[in-house]
Each structure stands twice: as structure tokens, then as C-alpha cells.
Protein chains: 2
Amino acid sequence: MIDLPRHWYNILADLPTPPPPPLHPGTLKPVGPDDLAPLFPMELIAQEVSTDRFIEIPEDVLDIYRLWRPTPLIRARRLERALGTPARIYYKYEGVSPSGSHKPNTAVPQAYYNAKEGIKKLTTETGAGQWGSSLAFACAQFGLECEIWMVRSSYDQKPYRRTLMRVYGATVHASPSPVTEAGKKILAENPDSPGSLGIAISEAVEVAAASPDARYALGSVLNHVLLHQTVIGEEALRQLAELGETPDLIIGCTGGGSNFGGLVFPFLREKLQGKINPVIRAVEPAACPSFTRGTYAYDFGDTAGLTPLLKMHTLGHDFVPDPIHAGGLRYHGMSPLLSHVYELGLFEAVTRNQTECFEAGVRFARAEGIIPGPEPTHAIAETIAEALRCKETGEEKVILTALSGHGHFDLGAYDRYLSGELEDFTLPPERIAESLATLPKV
Amino acid sequence: MIDLPRHWYNILADLPTPPPPPLHPGTLKPVGPDDLAPLFPMELIAQEVSTDRFIEIPEDVLDIYRLWRPTPLIRARRLERALGTPARIYYKYEGVSPSGSHKPNTAVPQAYYNAKEGIKKLTTETGAGQWGSSLAFACAQFGLECEIWMVRSSYDQKPYRRTLMRVYGATVHASPSPVTEAGKKILAENPDSPGSLGIAISEAVEVAAASPDARYALGSVLNHVLLHQTVIGEEALRQLAELGETPDLIIGCTGGGSNFGGLVFPFLREKLQGKINPVIRAVEPAACPSFTRGTYAYDFGDTAGLTPLLKMHTLGHDFVPDPIHAGGLRYHGMSPLLSHVYELGLFEAVTRNQTECFEAGVRFARAEGIIPGPEPTHAIAETIAEALRCKETGEEKVILTALSGHGHFDLGAYDRYLSGELEDFTLPPERIAESLATLPKV
């Protein structure tokens, strides 16, 4: 049994070159702390640009992490047996957290730093609700108010995640909502708007910016978010060491990149130091392939074009991915930090289609008992394919994969898969070219 | 970190008198192994009547238990703080299992013993689906077919639990179904029948009894089920000892009694041996109060009157509890073994109403992060009330409670509670008297 890590790992300290800075969309100058102060507390702004290798996890955060951390690293012996593979498969399972995914790893410190600086309320957006429920939980821990804009289509279709946020005490609005100027404007144009993450971000940002007591919180993409998630990889590193194992291959799924970055950065540190040499592989949905079919360029983080410009792998900020069930992977862009690491050639990326992912999810559930969320089924599909390659070659590869959350709120999607109703989408090159044509000129 | 227990504890070895035997409803003679052989494998029939104090957990069962066991024993520090109580509250959390409750503790050995005796298929009934999904998971582990009759009203209202069973590879029928004689008969009379547990049991038993390769599995009530569940209490005993704590009060909820029996029997052993002296308290729903308002008599285990007669605390086999959301506690009877232990005066029982239970569930979730299932909110409500009494008196009581499962599939009920739509039911004495009037004459 390992101890809980006391530090997050900041990969900025070990990269040969720093990533390009975010730019102010008006001036095209690098964004400074003052630009961000209305939205984030100073300590998180400092973490965003810090080059310290290790950042201490505050005792109050550790105290909450202890509710579910260290999370288990499980050898998938039953899956190995079912596949007949000589590979040894380990999965790091984040679904034991209160909201069922890795998201509370960053929600808790974000709530903590805000509370410490006297902030009374956090606002955020959420799509399917994983991030919203995690932030709601974290705010309840520190007595912060939590106000969430949930994309209208999810609000109507996924009432359970919405209820989870309310159980934790959050206020949840369907977005677009009549409580913000941004929402009112959209509703005036289209009272039946199904909403989008872009609109919901605008609403949450508007409310946070207008109040000195409120700040905004983001669940992926930013450096400080990936920093907080490195607790996953730090634990996995210790857990594998305790078992005397060295990974040959590390596989994770990528949407905004926080689960993947959180798992692999500590292993990358060891790799950069020449201690280990695993192949590291990101798996993205074929319907939203920012690494494999996007471009590396400055783009907006949101659809509406309100955020600073971020240098990242992007499909274009107005790219709308097909409605795959892995809602957490339906993001047009990618963490700028992870994008930079990719450009440095430190990991590779592949894509997987929706139905093969659900097939892998069912196979995994029958063997290991846990129903994976649609997002990590991408990593599982790749892991199974790799384990079957090992069966051919006889290689006893050690594979580490990230099971970022359970699928208890996604059984509707499993039902569609089992009923043969789930579809794959083809993404013609023209669609990507079209949205990339609208990239901002930098 | 404790090791996994290697034995289940059989309280029959330590009781001053044995419980009255089940009777054949025709002959009123005690039921023998031959009567049960068409339904259960010999090893489970032997466990049902064994007086061995400890029964070894087979290695193949331990190997699957290890996927989620030992389950955590968590000190509810945040809840204590929120209540301002000097009491120390510990909860034993079974929601980390694949299906999210304590049910796999017995589903796995039941599947194992059946597979070992060459059985190819298990049948069962399920209401809300907790038991069905647990048995489906267990069958997948041993390559057994699993055929489940799910009460029609739940089948229609709770599609997610149904999907969970299908993900694990089970066949799920809405009950009444056209695939059994029992089902056909009901459907002929009423094509729109919402079904009942009684009907679903009849269908599952009919199919098992008709095939030499099939057997039937039950998720609560029977001695061997409570035996398997003692792994909970054995772990909790070791975990508290490791912390240097001795419980003053143990609180659990009761429906059929398997979670409660599983937690408290090992503590009762220590109590009978004079080593500890905790108060032990069962909490039942006010809408289904078999201990506190039922009678101790021979009655049928099912509504249709097909099972052997069981001496137990019962509200009468045709008592239909009001539709509270704690579906797992809506059972007219009680484990005969637990009933006997209650008659021996070894624990006490109280009731709680639905809305105070959900209020406690929300309070717990905001403090501890975990959303409890509606069933364990009964134990939590009692625990909170007791902790507040300690606040008055200043007593530093050590309270142990059972958190038998999470509420991820019950958020509809939480939504109703948060929206003020949840009701309490009053149960007039006449209703109980009426159903008790139909008790079989023994």
C-alpha cells in the first residue's frame, strides 16, 4: 500500500523548451496575471506559469483526497485470461472518486485556493455533467457556493448528473439561461436553443467576472488542471514500482487532455531522465481527432471566441464533433501543454471508432466487473488490440492504462450499443478543412 | 491495511438454541436436502444447515473478492464536523463492488458452487435490479448463463439496471413473461400486469426446476446468503481493531437482512464471548416494519405461496408495502436466522420514515462525497440522530454503520426529494392485521 503523494509534478520544469504562451485576442500579446485575475485566484494563476518541478499539495486538499486516494492500480488478470494474452495489463482506476471520475483531483484544489483567497462562489459550465458534479462536490467541502451552466441538451437528456450536482448543493441552470446577458441574447434569437459548451462558458464567465466574490473554474485544458491530475501518475509510478513492474506501453484517452497528462507526465519525467523507456500513446475518438487530423496553431478555447488564444492541436473552434457518447472527448482543441509535449515527439496518438470502443467496454466489464465510462473505453479498445498483438508475437509486454471513470451514468449508451443502434461516424477531410479555415489570424 | 478474511462466520455455531427449521408447506415437516436439490447445489444446501463455526472461502471466490475487497472502513470525519458531534462515526462501504452494493459477496460464491457442480445456468428474480446485476456479474466470472426475471414495473422504469445486467451478459425478461407457464397464466388474466417479486420468483423457480442443468439463486433471507455476507463484519472487526477502536453502537438497515446480518454477526460472536458489548440496532422503513410491527410466525417467503414455510418476522406474505424508493427494504418477511437472533434479544430495531432518510442521505453526500443508496440512508438517518444525541450528552460514542451501496441508479428518487415531491406513508394497524390474518396455519 503506497502513501499518498505530497506533491504534484510540473512537467514545465523538465521540458527542453517552454510551450508558446496564451495570447490576448485583441493585442496578440502574451496574457499576464492581471488579465486572468477576474477569473482565477492568484495561486492558480501562479501555478499556470510556474516552472517549479514539484508543487506541494496543501494539507487540506490531501485530507479530502484521502476520501478515495490512493486510487487502485489493478492488474486485469481476468481480461488477460479472456484474451489469452501474455501481456500484463494494469489499469489505474479513478472511478472510485465521489463523482466517479478523475475530475475531483483538480476540482478540490481549485475550490481550496479560491476559498483561501476569500472567494465565496465558483461558476462553471458542464456538458454531460462529470465536471459540474465534481466541482459541486468540491465546493460543498469548502462551503463555497457553486453555480453551474449545463448545456440545455444534456440538462434535458441527463437528469441524473444534474441531480447529482443538486445533491451536492449546487445551483444548476440550463444553458442558454435567462440569468445572463449572453444567455438572454441567444434565447431572444432562438428560444429553443439546445445550447453548447461555448455558450455555457460565456454565461459562467460573465457571472464570475461581474462579481468580486466569484471566480470561474475550468475542468481541463489549462496547465494547473493537468498539474493537479499528476497525482494519478505519481501514484501509478509508485504502485508499479511496488509490484516490481516497469511499463513498456502507457495508453490513455484524450479529450481536453487532463486525464492523459495526469497519468503520463510523471512517467515522462522518468523517461526524460533515462530511467524508463515506455511507448506512450494517446487514443482519441475518430469523430474528434485533434492530434491526428487537426493542426497545431493558435485558436480559441471556446466556440464563441471569448478566451485567450491558445497554441494547441485543434480542429478549429467552430468544429462541432458528431454526437458520440464519449462527451468528455468532444472538444475541438487540446491542452496547450500536452500539445507542446506531442510536438516534442514524446508520445504518439491514434484514433478509435465508437462501436469498437463500446465492444471493448463490454468485454472489459464482463471480465473485470467495472463498467467503464465511454471515454476510457477508447484506451481499453487500444489496450485490448495491443494485448492481442502480444498474443501473436508472444511478447510479455507490461501495459498501463487509465480507467478515468465508471459508466454508471452512461448506461443509455451501452443499451444502444447492445441493441445494435450505435453508429460510427465518418469525418470527411472537407469538414475539418472548413473549420480550420476560420482559425484566427496570428 | 488488513488481509482479506479466509473464512465466513456461521453464527449457528454460537447461538444458545437453533432457529426453527423451514417446513414443507404440504406436509408441515422440516424441509430436507432432497426437497431443495432441484433448486440449489448440494454445497449451498449443506451451508444452509451447517453448524461449523467457520466455513472456508474457496480460493476462486477470494480471487474475485479481491477485485474490490477488503472494502473501505471510513471514519466520517467531515460528517462528524458538520454535526458538531463528539461521536466517532465509521462506515463500512460496500458500494465499491462491481454492481455497487454488498450483493456480489454472495452472488460470487453462489455462482462458484453451482459451476463446480456442473450447473450451466442460474435463474433469479430481481426487483430494482441490485441483485440481478450482481448475479449477472458473478455468472460472467464463471461462464454460467444467467436468466433474470425483472418485475415489469421496474423493467420499464429502471432501464439502467436492466442494461447493467445485459452488459454482464445476462438475459433479462420483464415479469410476468410469456416464456413460463406462471407468466403466461398471469398475462392471460391481465396483459398489463405490473408484476411483483412473487410472480418473478415463480417464473425463475419454474425454469430452474424444469432443467437438470439449471438452478435458482436467492439474494437475501437464507442462511447461506447471510453466511457469505459475514465477510463484511469480519473485515470491519479487523479494521476497527487496527485503529484501536471498539464499537459502542452498530447500526444497519434491514430488508431481507443480509447486509445487517453480514455486518453484525461477527460482532455478535465477540459479544457472546464477552469481549465487547456494543448496542446493535436494525433500522427498517416505517412503511415496511417487519421487526417492529410484524409478528414472529411461519409464513411463505414469496407472495404466491410457493416457497417452504419460514419462521420469521413477517407482515404477512400478501402485505404490499407502499412504494418507498428503498426497493431493497420492501419485503414482507425477514431472514429466519436474523429473526431468531432478534427473538434471543441480541439486537434492537427501530423505524425511520422515507423523507428523513433522504434528508440524511443528502447531508451525508455533502459531507462525505458518497451518494448513499436509499436503503442505507435508513442507517445513516439513525446514525445522525444518535450522533446528535451524543452532542447533547457529550458522549464520545464509537458508532459503526453499514453503507451497503451507492445511489448512482437512484438519483430519480433524490431528485424527487430535492423537489419536495417525496412523501411519507402512514401504515394503519388494520392493514397489517389484515395481511397477518392470511398467515398459513401451522
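The name an unreviewed UniProt entry assigns to chain A is Tryptophan synthase beta chain, from the organism Thermobispora bispora. Looking at chain A in UniProt, the text filed under Function (unreviewed entry) is "The beta subunit is responsible for the synthesis of L-tryptophan from indole and L-serine." Entered under Sequence similarities (unreviewed entry) in the UniProt record, the comment concerning chain A runs "Belongs to the TrpB family."

(A) Layout of the sheet that holds strand 10 (residues 279-285) of chain A. Residue and element names in this part refer to chain A. Pairing is mixed across the open sheet formed by 6 strands, whose spatial order is 3-4-14-9-10-13. Edge positions in the sheet fall to strand 3 (73-75) and strand 13 (348-352), since each has one partner strand and no second. Mean inter-strand twist for the sheet, computed between neighbouring axes without regard to direction, equals 25°. Judged from the 5 bridges that link them, strand 9 (residues 249-253) and strand 10 form a sheet pairing that is parallel.

(B) Local environment of the pairing of strand 6 (residues 145-151) of chain B. Residues and elements named next belong to chain B. Counted residue by residue, strand 6 has 6 buried out of 7 residues, so it is predominantly covered. Sheet topology places strand 5 (residues 121-126) next to strand 6; 6 bridges connect them, and they run parallel. Following the sheet pairing, T124 is matched in strand 6 by I148. Regarding topology, helix 6 (residues 130-142) serves as the crossover connection from strand 5 to the parallel strand 6, and that connection is right-handed. Here strand 6 runs beside strand 7 (residues 171-175); their pairing, made up of 5 bridges, is parallel.

(C) The pattern of salt bridges, seen in detail. Enumeration over the complete set of coordinates arrives at 58 salt bridges over all chains. With a closest N to O distance of 2.9 Å, R166(B) and D415(A) form a salt bridge. Taken together, the residues span two chains, with R166(B) in helix 8 (residues 159-167) and D415(A) in helix 17 (residues 411-418). Residue class for R166(B) comes out partly exposed when judged on its relative accessible area of 27%. Using a relative accessible area of 22% as the deciding quantity, one classes D415(A) as partly exposed.

Conventions adopted
- Residues numbered from 1 in each chain as written.
- Chains lettered and ligands numbered in written order.
- Predicted model: local features only at pLDDT ≥ 70, side-chain atom pairs only at ≥ 80, totals over all residues.
- Heavy atoms only, no water.
- UniProt positions renumbered as here; feature names shortened; annotations may be inferred.
- Pairing = 2+ DSSP bridges.
- Helix = DSSP H or I, 4+ residues; strand = E, 2+ residues; numbered from the N terminus.
- Axes fitted to C-alpha atoms, helices over the stretch in contact; angles between N-to-C directions.
- Buried < 20%, exposed > 50% of the residue type's maximum accessible area, 1.4 Å probe, protein only.
- Right-handed = clockwise from strand over helix to strand, strands pointing away.
- Salt bridge = Lys/Arg side-chain N within 4 Å of Asp/Glu carboxyl O.

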